[in-house]
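Structural overview for review
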Amino acid sequence: MAKIIEKRILTPVTKLFRIEAPMIATSARPGQFVIVRVREGGERIPLTIADFDAKSGTVTIVVQEVGVTSRLLGALEVGENLLDILGPLGEPAHIPPGGHVIGVGGGFGAAALWCLMKELKARGDKTTIILGARQQDLLILTDELREACDALELCTDDGSVGFKGLVTQRLQQIMDGDGLGKPNHVIAIGPMPMMRAIANTTSGTDIATQVSMDPLMIDGTGMCGCCRVSVGGKTKFACVDGPLFDANLVDFDEAVKRNKIYVKKEKIAAERQQKHLCERTSS
Amino acid sequence: MPAKRITKTPMRTRDAKLRATDFVEVNIGYKAEHAIFEAERCLRCQQPPCTDGCPVHIPIPELLHEVAAGNMEKAVDILRTANPLPAVCGRVCPQEEQCENNCHMAKQYLPVGIGYLERFIADWERSQPKKKKPKPPQRPQKVAVIGAGPAGLVCAGDLARLGYPVTVFEGLHAPGGVLRYGIPEFRLPKDILDWEIELLKDMGVEIVCNVIVGKTFKLDDLFDKMGFSAVFIGTGAGLPSFLGIPGENLNGVYSANEFLTRINLMQSYDFPNTDTPLYVGERVAVIGAGNTAMDSVRSALRMGSKEGMIVYRRTEKEMTARQEEYEHAIEEGIQFRWLTNPIEIIGDEDGWVTGLKCLKMELGEPDASGRARPIAIKGSEFIIPVENVILSIGTSPNPLLVNTTPGLETNNKGCLVLEANKPQTSRKRVYAGGDAVTGAATVILAAGAGKDAATSIHADLMADLAEK
Ligand code: FES
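Report follows, based on the coordinates. Just so it is clear, the model here is predicted, and its values are computed rather than measured.

Here we look at the overall build of chain B
- Of regular secondary structure, chain B possesses 18 helices and 16 strands.
- A globule of 468 residues ought to have a C-alpha radius of gyration of about 23 Å, and chain B, at 23 Å, matches this closely.
- Each of the three principal axes of chain B carries a C-alpha extent, and together these read 70 × 60 × 50 Å.
- The contacts of chain B with a sequence gap of at least 6 include a subset with a gap of at least 24, amounting to 69%.
- Approximately 19100 Å² of chain B is accessible, and the part contributed by carbon and sulfur atoms is 52%.
- Each charge class in chain B was averaged separately, 53 positive and 59 negative side chains, and the resulting centres sit 3 Å apart.

Thoughts on a nonpolar patch on the surface
- On the surface, a cluster of nonpolar side chains totalling about 270 Å² of accessible area is made up of B:I6, B:Y109 and B:L110.
- With respect to the helices and strands, the residue B:I6 is situated in the segment before α1 (16-19).

Overview of the interface of chain B and chain A
- Contacts between chain B and chain A engage 43 residues on the former and 43 residues on the latter.
- Across the chain B/chain A interface, buried area totals approximately 3500 Å², and carbon plus sulfur atoms make up 55% of it.
- Contact with chain A buries surface across chain B, with B:K215, B:N249 and B:D275 losing the most and accounting together for 21% of the total.
- Where chain B touches chain A, the interface holds 25 residue pairs in polar contact (both at pLDDT 80 or more).
- Looking at the side of chain B that touches chain A, the elements that each hand over two or more residues are β5 (239-240), β6 (253-255) and α13 (256-264) of chain B.
- When residues of the side of chain B that touches chain A are assigned to their parent elements, the largest contribution, four residues, is made by α13(B).
- In terms of residue class, the side of chain B that touches chain A is made up of 19 nonpolar, 17 polar and seven charged.

Brief notes about the pairing of strand β10 (residues 151-156) of chain A
Residue and element names in this part refer to chain A.
- Burial analysis of β10 places six of its six residues in the buried class, which makes it a mostly covered element.
- In this sheet, β10 lies alongside strand β9 (residues 126-133) in parallel orientation, the contact comprising six bridges. Across the sheet, residue L131 finds its bridge partner in β10, namely L154.
- Taking the sense of rotation as the criterion, the β-α-β connection linking β9, helix α4 (residues 142-148) and β10 turns out right-handed.
- Taken together, the two bridges between β10 and strand β11 (residues 163-164) define a ladder with parallel strand orientation. Pairing of T156 across the sheet is with K164, part of β11.

Description of the pairing of strand β12 (residues 185-189) of chain A
Residues and elements named next belong to chain A.
- Taken across its five residues, β12 has five buried, putting it largely inside the fold.
- Judged by which residues are buried, β12 turns out to be covered on both faces: H185, I187 and I189 on one side and V186 and A188 on the other are all buried.
- Across five bridges, strand β8 (residues 100-106) lies against β12 in parallel orientation. Considered in β12, the bridge of V104 is made with A188.
- For β12 and strand β13 (residues 208-212), the ladder comprises four bridges, and the chain directions are parallel. For I187, the partnering residue across the bridge sits in β13 and is Q210.
- Handedness of the crossover joining β12 and β13 through helix α6 (residues 192-202): right-handed.

A few points about the sheet that holds strand β6 (residues 81-82) of chain A
Residues and elements named next belong to chain A.
- Spatial ordering of the open sheet is given by β6-β1-β2-β5-β4-β3-β7, a layout of seven strands whose pairing is antiparallel. Edge positions in the sheet fall to β6 and β7 (84-89), since each of these pairs with one other strand and no more.
- As paired strands, strand β3 (residues 33-37) and strand β4 (residues 45-53) are joined by four bridges and run antiparallel to one another. Counted as the bridge partner of V34 is L47 from β4.
- In this fold helix α3 (residues 113-122) packs onto β2 (14-20), β4 and β5 (58-64), with an angle of close to 40° to the strand it touches most, β4.

A word on unusual backbone geometry
- With omega at -10°, the peptide bond leading from A:G87 into A:P88 counts as cis.
- Its place among the elements puts A:P88 in strand β7.
- Omega for the peptide link from A:G242 to A:P243 comes to 10°, which places this bond in the cis form.
- Here A:P243 is to be found in the loop between α7 (238-241) and β16 (244-246).
- Backbone geometry at B:N210 places phi at a positive 60°, although glycine is not the residue there.

Considering the pattern of salt bridges
- Under the counting rule described, the total for this entry stands at 48 salt bridges over all chains.
- Across the pair A:R170 and A:E153 runs a salt bridge, and its minimum N-O distance is 2.8 Å. Of this pair, A:R170 sits in helix α5 (residues 167-175) while A:E153 sits in strand β10; the two residues are 17 residues apart in sequence, bridging distant segments of the chain. You'll find A:R170 and A:E153 in the same group, each marked buried.
- Here B:R119 and B:D123 are joined by a salt bridge, their closest N and O atoms 3.6 Å apart. With B:R119 and B:D123 both in helix α8 (residues 114-127) and four residues apart, the pair spans about one turn of that helix.
- A relative accessible area of 4% means that B:R119 is categorised as buried.

Considering helix α14 (residues 291-302) of chain B
Residues and elements named next belong to chain B.
- Counted at 1.5 Å a residue, the expected span for α14 with its 12 residues is 16 Å, and the 16 Å between its end C-alpha atoms agrees.
- Of all 12 residues in α14, 10 are buried, a share of seventy percent or more.
- Every buried residue of α14 is listed here: A293, M294, D295, S296, V297, R298, S299, A300, L301 and R302.
- One or two steps after α14, the chain reaches G304, where phi turns positive at roughly 115°.

Rules of the game
- Residues numbered from 1 in each chain as written.
- Chains lettered and ligands numbered in written order.
- Predicted model: local features only at pLDDT ≥ 70, side-chain atom pairs only at ≥ 80, totals over all residues.
- Heavy atoms only, no water.
- Helix = DSSP H or I, 4+ residues; strand = E, 2+ residues; numbered from the N terminus.
- Rg over C-alpha atoms; globule rule 2.2 N^0.38 Å.
- Contact = heavy atoms within 4.5 Å.
- Areas by Shrake-Rupley, 256 points an atom, 1.4 Å probe, with all protein chains shown as cover.
- Lys, Arg positive; Asp, Glu negative; His and termini not counted.
- Charge placed at Lys NZ, Arg CZ, Asp CG, Glu CD.
- Patch = residues over 30% accessible without salt bridge, like charges linked within 9 Å, V, L, I, M, F, W, Y side chains within 5 Å.
- Salt bridge = Lys/Arg side-chain N within 4 Å of Asp/Glu carboxyl O.
- Buried area = accessible area lost by both parts, 1.4 Å probe.
- Polar contact = N/O pair within 3.5 Å; in protein donor to acceptor, adjacent residues only side chain to side chain.
- Nonpolar A, V, L, I, M, F, W, Y, C, P; charged D, E, K, R; others polar.
- Buried < 20%, exposed > 50% of the residue type's maximum accessible area, 1.4 Å probe, protein only.
- Pairing = 2+ DSSP bridges.
- Right-handed = clockwise from strand over helix to strand, strands pointing away.
- Axes fitted to C-alpha atoms, helices over the stretch in contact; angles between N-to-C directions.
- Expected span 1.5 Å × (residues − 1).

Written out as structure tokens, the structure reads:
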């Protein structure tokens, strides 16, 4: 059991939770994740660690309500508990020091850049974050991310704030030399199409590029192989070998297909959840 | 001596057609009269070879004598002292290779049904009101156990009985290890496992779930920061092997570990009442012929598959599954494709499995394992149409703990190396046993190793105390 200390609603479907988990907070490194379970009989879902603080013994996660479990989680309030939290899991990010690192974040995945960029900035790297969303009110954690890096670049599809266009276009501008300085390292965390586009943008350059894969998982310790990802023609387990992989070696096609395996079942579960909610509100 | 009946009192089983559609236990168990009747068959050998064949050395003739006399309470005491997991072992041990294989009756007739009797005694205990036993005086040194599988639980139970405060750290959200995630409900009901674990907790064993030692904290933290005097590693062999053939990442391909974990630990048989789904098609091929393969293919039927088959490159003779599991599988309509070697998993463009491409094999000269080497027959390629392929070709120890702990020696298979004369690893006061040491083996061998380690830990900690 892990108590929720703080909850923030970032967008109508994106919630931030700060959770009491002292052992995890002490051991966590940027790039790692936790696995949580919300109720008896519930799924185990992986969530990237957005931030952690050993002193207060808390870890921060951001969840987007896309399925049964994430909706249940999103509905929890301060003072309530997660049934289980396990971590920190996966390999931390390894980025050689002294360079210019650009973190590219899209959707709720941007949260994972928070502690990572903070740490890189603190050790003296040059740090830029490109944060993208459809429109201004879907950009999350802008204040925190601005503080976590030297330059925060906002991108929106509709131009409601910052650069009008895609994060890849903004990245390309920076790579072409627009004053911010060329990156040595790009790390992209967000929806699969975005990560794939980033991989395409830097491919053929000498910019080391990593993406954070988010496959389905069960144990998160290398026991089941549910999280298999093909990287450079080899099968890797994202939970122990990742979640960060070389963007230009990841087989995105396969990853997209694998993420669809339970679509039908998830629909059944979601409809059922909806029905339950309706029954509860109408009674 | 009175003449003994030559046949074993049969185990009652549920109807094969009926049971193949649900997860209720297949074996029904002896009634008291069956048990007494069967226990009377024991010859009460002076130097009982059955006990020698038992990895936890249950004094079997003594035990059966009490059963035959109807002294069930006494029998329970004898059994539980020797084996902290009797309800589990009575169900999943390969008795035919151990105690029953050594039974003198087996020389001419059928062996005494020791396994069935072990199960009966444990189940009898469960039917009785719980008895509160006084706790032994607590010792000053604490012991940590890593992994709540059979090795860890038995080690913890024995240490608690000796008066050590024991904490078991488990990675998953529920204890039991392979007993929880691997062995299906129809062979080992989880409420029986829960009950057995409850008894250990009653003895003072503390179990902390959701901790991966090596990740959540380091093994050395147990000594340096948390004040433990000894550590037992019982992390098992949980890493699934894949064949490395094309198509293994298609949708519908599972490791047996994943397939069984979804069903057993995550209870996907109850989806959507529970939240973890499983994808099973009409036809399921399981590659491999061990107990895990049988568990997988029989589970697939129960999850709604119409056709379940075992695909194995050797023959019935070389298969490692228990005879009982094999027979149950046949009764339930499982097909067996012997001498069939999978070479590729075929899928459609959306990434779903449609078939398993195989080669026909024939048997050649014996190989290093002493088993006849299967040789491919040229041009014998064919495709079995299936929607699922489940790989049950073995597991190896998980390197997570070793990779994060300095000074833990392993062999080329990733198994922990022990000292010659005791179950201690290359680190002082760090012990190990079970599959983490041997590679994938049986529940009872792990239990035996846990017991031996407890004895060794006790001796070393006593010596440490005397030195102070
Ligand atoms: S989630 Fe099971 S091996 Fe990665």
